[in-house]
Amino acid sequence: MKTCVVIYNPNSGHTIKKRNIKKYKSIVESHGYSATFIGTEYKGHAKEIVSHIGYVDLVISMGGDGTFNEIVHGNLSRKKRLVLAHIPVGTTNDVGVMFGYGKDIEKNIHLCLNGEIRGMDIPLINGRPFVYVAGFGKFMNIPYETPRDLKKKYGHLAYLASGLKDFFSRTKNYNVEYEINGDKIKGIYSFMLVSSATRIAGLNNFYKDVKLDDDTFEVLFCTYTRKIDILRAMAMLIATDAEHVDGFESFRTNHLKISFAKLPKNAWCVDGEKLEIRTKNFDISNEKNIKILLPKININKLFVHKNTGD
């Protein structure tokens, strides 16, 4: 029998209840796995669990995007890496929606375990992995500064309220030089995003035609510095994708270097969590072929290469 460890975050969303774990375990085992469920107890716990467990056939993240990030981070620190999966239970669940999951956990477990394994690129910022997005500047502090209790109580509305508050606060602009695709570019920017995703901050089709295994990620620098212009640019994302919004410098690459003229006081947001790195210089690259088990529903849209086997 194959072995599976499910690492769940009891603080994600509204639906992970201890009384339901037995039912979820039964579903996993109906797919031919011997399953162990482990609940996280503190930030970074999921990373520690994956780093130190012995070999298993599958590790499933059951939580928000941040929980999946921790599991990927832990996996990258291993000599023998494991096959991973992610079942979304959180507030926004950008990664889960992109993969093709809905809100029903039981159905998602079946979708996952009836899925296929693909090799997925994982971007790294100064060696720290992120699954789908790293951002800095205006609005980028909202995911990690919005109180967890408000996110659990109000869901996506908590982020919207925090975003409205942040919009009316002073917009900080950053003197930045970056090196990409052989070019060096200088400018003043209000925010920047590095991503490998079609859905960001609850916006579907933020980028079109994104592939998760093509050894590239998407890069965006916002040249707008006035609040009204930033608001207009964000509104345009509802009608089109980021590569066609005025005021955005957009690229696709597999290597990016960013240098700030001054040490920034704010932190990057990495998959919804605060990046605890203080430096003026950031190097972003790709780690290829991390094996992910995911539903078949969106595979042809998201991947270039075929099933990597199990």
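Note that the structure is predicted; figures quoted are calculated from it, not measured. (Residues numbered from 1 in each chain as written. Predicted model: local features only at pLDDT ≥ 70, side-chain atom pairs only at ≥ 80, totals over all residues. Heavy atoms only, no water.)

Participant: Tell me about the overall build of the protein chain, residues and numbers included.
Facilitator: Helix and strand counts for the protein chain stand at 10 helices and 16 strands. The burial tally for the protein chain puts 53% of its 310 residues in the buried class. In the protein chain, 75% of the contacts between residues at least 6 apart in sequence involve partners at least 24 apart. For the protein chain, the exposed surface amounts to about 14,700 Å²; the carbon and sulfur share of it is 50%. (Helix = DSSP H or I, 4+ residues; strand = E, 2+ residues; numbered from the N terminus. Buried < 20%, exposed > 50% of the residue type's maximum accessible area, 1.4 Å probe, protein only. Contact = heavy atoms within 4.5 Å. Areas by Shrake-Rupley, 256 points an atom, 1.4 Å probe, with all protein chains shown as cover.)

Participant: Could you give me a rundown of the side chain of Asp-94, with the residues and numbers involved?
Facilitator: Note on placement: Asp-94 falls in helix H4 (residues 94–99). The exposure class assigned to Asp-94 is buried, which follows from its relative accessible area of 2%. Leave out the neighbours within four places in its chain, and Asp-94 touches Asp-65, Tyr-132, Arg-199, Ile-200, Ala-201 and Gly-202.

Participant: Any details on the sheet that holds strand S12 (residues 248–253)? Residues and values, ideally.
Facilitator: In spatial order, the strands read S12-S11-S10-S7-S14-S15; together these six strands make up an open sheet with antiparallel pairing. This sheet does not close on itself; its edge strands, each paired only once, are S12 and strand S15 (273–274). Two elements, strand S14 (residues 269–270) and S15, share two bridges in a ladder whose sense is antiparallel. If you follow Val-270 over to S15, its bridge partner there is Glu-273. (Pairing = 2+ DSSP bridges.)

Participant: Could you give an account of helix H9 (residues 227–236), with specific residues and numbers?
Facilitator: Among the residues of H9, Asp-229, Ile-230 and Ala-233 are the ones counted as buried. Taken down its axis, H9 places every buried residue within 100° of arc, on the same side. Contact partners of the buried residues in H9: strand S10 (191–195) and S12. (Arc of directions from axis to C-beta.)

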